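# Report on the structure
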Amino acid sequence: MTMFKAIRIDKAEKGTTVALTQFDEAELMDGDVTVMVEWSTVNYKDGLAVTGKAPVVRRFPMIAGIDFSGTVSESSNPNWKPGDKVICNGWGMGETHLGAYAEKARVKGDWLVKLPQGISARDAMAIGTAGYTAMLSVLALEKHGLTPNQGPVVVTGAAGGVGSIAIAVLSKLGYQVIASTGRVSESDYLKKLGASEIIDRAELSGAAKPIAKERWAGGIDSVGSTTLANLLSMTKYRGAIAACGLAAGMDLPSSVAPFILRGVCLLGIDSVMCPIALRRQAWDRLASDLDAAKLAEITQEISLDEVIAAGARVLAGEIRGRLVVKIS
Ligand code: NDP
């Protein structure tokens, strides 16, 4: 029996149990590539999984963790060989496929992205699914035709993972960034990342008018609910909002007014089943458009045995920026 360390979630009579324990390699699921996991991270969804606060896990036993970076140890996939440095985000890891909080993972080679030049395995997970989702949002806004000369962009959930990386990337690209946060005490942090204006999230969390004064040409929203509704109602003519999160709720109490009166577009962002070509593009752009010093500034390192407690802190909104997890 070959055992390795993993955070295992089991079904209990009521809810789930979670523990850092030993996992038998024979229990790994099908896949054509085995990876020695080196780094992972704690995303919002990981917080939901390890605390059992939402039914993220749909297979038991489960190894939690939705993303990793590491080195290929075995492969029967022609695209990968032992020694290759890889990244894996989503694809149901930590939900329906055994996940990332483990010394070993077995996955489909088609899910993997080569670690881009200029990004270390640690930095890849400091970025993690949150940062890769921020970049997918930037790419969607660019595809829409947004450019910095059209006006400011707004980022909500600004001090969180998606928000922090979105601000760093957008400011590097030359955008004037308005950061919306519930933690105005983090104004200095957000300004260092590149925000030029900070607004209290309370300004955007009340019931939205169908249409309101135009404030931004675009935005990245990780909050949802009335916040997203307010963002849409305040978006300039032919602007766009990339919606990627639900930190305040799944609902969207909006109207069609921004769409039919201002031609505003709502761009949906999914990182989990995103096609591989777009993933590669996002990771390449993170290598060129995310300042390494800013990434270091927003990142705290923890160990595998701190992940379960950290998951609860992520959900409580107590973590600023990103957590990177040293696995091995
Ligand atoms: P974090 O927990 O790091 O950040 C979320 C931030 O949202 C918080 O820091 C806080 O920012 C803000 N926030 C939290 N609760 C509320 C609230 N009740 N009302 C308003 N704002 C709130 O999470 P991530 O950045 O990792 O993820 C953000 C969201 O994006 C999550 O909902 C996550 O599930 C989603 N997501 C979606 C993906 C996709 O594929 N579409 C992929 C990755 C993430 P502040 O303190 O600045 O106000």
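Residues numbered from 1 in each chain as written. Predicted model: local features only at pLDDT ≥ 70, side-chain atom pairs only at ≥ 80, totals over all residues. Heavy atoms only, no water.

### Thoughts on the layout of surface pockets
Where we set the bar: Here a cavity is any set of points on a 1 Å grid over the protein atoms alone where a 1.4 Å probe fits but cannot get out, and a pocket is any open set with protein on both sides within 12 Å along at least 5 of 7 lines; a residue lines the site when it has an atom within 4 Å of a point. Grid points are joined across faces, edges and corners, and a volume is the space filled by probe spheres set on the points. A helix here means a DSSP run of H or I that spans at least four residues, while a strand means a run of E at least two residues long, and both kinds are numbered starting from the N terminus. For this classification, the nonpolar set comprises Ala, Val, Leu, Ile, Met, Phe, Trp, Tyr, Cys and Pro, the charged set comprises Asp, Glu, Lys and Arg, and every other residue, Gly included, is treated as polar.
Estimates place the volume of the second largest pocket at around 230 Å³. Those elements giving two or more residues to the lining of the second largest pocket turn out to be α2 (121–144), β14 (265–268) and α7 (276–289). Of the residues forming the lining of the second largest pocket, the biggest block, five residues, is contributed by α2. By residue class, the composition of the lining of the second largest pocket is seven nonpolar, two polar and four charged.

### A closer look at the sheet that holds strand β4 (residues 62–63)
What counts here: Strands are treated as partners if at least two bridges between them are detected by DSSP.
Strands sit in the order β2-β1-β4 across an open sheet of three strands; the sheet is antiparallel. Looking at which strands have only one partner, the edges of the open sheet turn out to be β2 (16–24) and β4. Pairing analysis gives nine bridges linking strand β1 (residues 3–11) to β2, with the strands arranged antiparallel. Paired with M3 across the two strands is D24, which belongs to β2.

### Some details on the sheet that holds strand β9 (residues 153–155)
Formally: Inter-axis angles, ranging from 0 to 180 degrees, are taken between N-to-C directions of lines fitted to C-alpha atoms, where helices are fitted over the stretch in contact. Contacts are residue-level and defined by heavy atoms, with any inter-residue pair within 4.5 Å sufficient.
If you trace the six strands from one edge of the open sheet to the other, you get β11-β10-β9-β12-β13-β14, paired in parallel fashion. A single partner strand is all that each edge strand has here, and the edge strands are β11 (195–200) and β14. Strand-to-strand twist of the sheet, defined as the mean angle between neighbouring strand axes without regard to direction, takes the value 20 degrees. Here five bridges tie strand β12 (residues 216–221) to strand β13 (residues 235–243), and the two strands are oriented parallel to one another. Its bridge partner being in β13, W216 is matched across the sheet by T235. Against the sheet, helix α3 (residues 161–172) makes contact with β9, β10 (177–181), β11 and β12, and its axis sits at roughly 155 degrees relative to β9, the strand it touches most.

### Some thoughts on the domain arrangement of the chain
How big an interface is tends to be reported as the loss of accessible area on association of its parts. Here is the rule: As used throughout, domain bounds are those supplied by an automatic or database domain assignment. Salt bridges, as used here, are contacts in which a Lys or Arg side-chain nitrogen is within 4 Å of a carboxyl oxygen on Asp or Glu.
Split into domains, the chain comes out as domain 1 (3–115 + 298–326) and domain 2 (130–268). Using C-alpha coordinates to define each centre, domain 1 is positioned 29 Å away from domain 2. With 10 residues of domain 1 at the interface, the matching set in domain 2 holds 12 residues. Counting across the domain 1 and domain 2 interface gives one salt bridge. A salt bridge links E186 to R320, with the nearest nitrogen and oxygen atoms 2.9 Å apart. Per-class residue counts for the side of domain 1 that touches domain 2 are three nonpolar, four polar and three charged.

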